[in-house]
Amino acid sequence: MKRIAVLTSGGDSPGMNAAIRAVVRKASYHGVEVMGIFHGYEGFIEGRMELLDLGSVGGIIQRGGTKLFSSRCPQFKEDRYQYQGIEKMREANVEGLVVIGGDGSYRGAHALSQKGFPCVGVPGTIDNDIPGTEYTIGFDTALNTVIESIDKIRDTATSHENSFVVEVMGRDAGDIALWAGLAAGAESILIPEESYNIDDIVNRIKRGEARGKKHSIIIVAEGVMSGSELAKILKEKANIITRVSVLGHIQRGGSPSARDRVLAGRLGAKAVEVLLEGRSGRAIGINNHQIIDYDIEEVFINKHKADVTLYTLSKELSI
Ligand code: F6P
């Protein structure tokens, strides 16, 4: 291959820039050019791209967001748009593509591979919900953002002896809620993968009160219900008054952590290696500290699972 392309798609995540940089630098190392496609699959369909030289990815390793912009592109599910994009790539002599994004973005990469256009997926999402990889780029930074916020909430919760419901991102996956809850010492954690019991949450708060603790932090992943819904239930069921804090999109921003930058570098470089070896339809991931690649179909066949041991531990530690 003489020229490949890279795009970022779906919800952005801190470390996407570091991954773009790794793709460009690794390809350059092998004498291969990289085109940066703007606005994800939208730009792919229209051939909206420019050549990324070594200097163009300088000074971005520490920046959140994505230099290439991102989009969610529902029309890319249609064959005709996929073929249109492939045509644009062929016109520009692009022979392969690295897609950095979440599982929706992987579906596009899979479709392109099946149509004979070489593609690999690099996991970039704060949700940490891509089957086959233990971590995704951006998860660690998002966690740090969340626990910094919860620590601050706890300061005021302690001072005013208030309880808080904190709503975090995660429509289908509870990793942010679970890991941040453990790291910030939350009293209860609600995630989409595990059923919850309101009586259990109430009892935890009451047990705390009985031993003189006047505040609690309850974390709810948005996929379970909204923070205000949970606050309403607690009020109606047990007359527990809580303040609600919705962390929202701050979770997707910020300078990537060291861990995310290193992960992005390793995964981005591996994606280039896989493409240059002539392989397609692969997902790149990390497993037991090793960078791996596997059939991208596994991402759709398997379902993301929350780490049950962490969930159990969180309950034990917040007794
Ligand atoms: O990218 C993943 C994610 O951050 C989810 O956690 C969240 O549910 C979703 O994106 C929000 O997306 P949008 O900004 O498009 O509403």
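Computed from a prediction, not measured in an experiment: that's the story for all the values here.

**A few points about the packing of aromatic side chains**
Considering all chains together, one arrives at seven aromatic pairs under this definition. With 5.9 Å between their ring centres and 80° between their planes, Tyr-135 and Trp-179 make a pair best called edge-to-face. Of this pair, Tyr-135 sits in the loop between strand E5 (119–123) and helix H5 (139–160) while Trp-179 sits in helix H6 (residues 175–184), and the two are 44 residues apart along the sequence. Look at Phe-139 and Trp-179: their rings are 5.6 Å apart centre to centre, the planes differ by 85°, and that puts the pair in the edge-to-face class. Residue Phe-139 is located in helix H5, and its partner Trp-179 is located in helix H6; the two are separated by 40 residues in the primary sequence. Assessed through its relative accessible area of 2%, Phe-139 is described here as buried. Assessed through its relative accessible area of 29%, Trp-179 is described here as partly exposed. Of the aromatic side chains, those joined through ring pairs into one cluster are Tyr-41, Phe-44, Phe-76 and Phe-117. Over the ring of Tyr-83 we find Lys-115; its NZ or CZ atom is 5.4 Å from the centre of that ring.

**Section: the site of the ligand**
Close to the ligand lie Gly-11, Arg-72, Ile-126, Asp-127, Met-169, Gly-170, Arg-171, Glu-222, His-249 and Arg-252, which account for all nearby residues. Within the side chain of Arg-72, an N or O atom sits 2.9 Å from an oxygen atom of the ligand. Taking His-249, its side chain carries an N or O atom lying 2.7 Å from an oxygen atom of the ligand. Within the shell around the ligand, the residues separate by chemical class into two nonpolar, three polar and five charged.

**Some points on the domain arrangement of the chain**
Taken domain by domain, the chain holds domain 1 (3–138 + 256–301) and domain 2 (140–252). In this structure, domain 1 and domain 2 have C-alpha centres spaced 34 Å apart. Taken together, the contacts link 15 residues of domain 1 with 13 residues of domain 2. A combined buried area of about 1100 Å² lies between domain 1 and domain 2, and 50% of that area is made up of carbon and sulfur atoms.

**Focus: the confidence of the model for the chain**
When pLDDT is averaged along the chain, the result is 97; 100% of the residues meet or exceed 70. Note on the complex model: pTM 0.97, ipTM 0.96.

**Description of the sheet that holds strand E10 (residues 282–287)**
The strand order across the open sheet built from seven strands is E3-E2-E1-E4-E5-E10-E11, with neighbouring strands paired in mixed fashion. Each edge of the open sheet is held by one strand with a lone partner, namely strand E3 (49–52) and strand E11 (290–295). On average, adjacent strands in this sheet sit at an angle of 30° to one another, irrespective of strand direction. As judged from the two bridges shared by E5 and E10, these two strands associate in the parallel manner. Of the residues in E10, the one forming a bridge with Val-120 is Arg-282. Its contacts with the sheet put helix H9 (residues 258–276) on strand E1 (3–8), strand E4 (97–101), E5, E10 and E11, and the angle it makes with E10 is roughly 145°.

Cut-offs and rules
- Residues numbered from 1 in each chain as written.
- Predicted model: local features only at pLDDT ≥ 70, side-chain atom pairs only at ≥ 80, totals over all residues.
- Heavy atoms only, no water.
- Phe/Tyr/Trp six-rings, centres within 6.5 Å; stacked < 30°, edge-to-face > 60°.
- Helix = DSSP H or I, 4+ residues; strand = E, 2+ residues; numbered from the N terminus.
- Buried < 20%, exposed > 50% of the residue type's maximum accessible area, 1.4 Å probe, protein only.
- Lys NZ or Arg CZ within 6 Å of the ring centre and 35° of its normal.
- Near = heavy atom within 4 Å.
- Polar contact = N/O pair within 3.5 Å; in protein donor to acceptor, adjacent residues only side chain to side chain.
- Nonpolar A, V, L, I, M, F, W, Y, C, P; charged D, E, K, R; others polar.
- Domains from an automatic or database assignment.
- Contact = heavy atoms within 4.5 Å.
- Buried area = accessible area lost by both parts, 1.4 Å probe.
- pLDDT = per-residue confidence, 0-100.
- Pairing = 2+ DSSP bridges.
- Axes fitted to C-alpha atoms, helices over the stretch in contact; angles between N-to-C directions.

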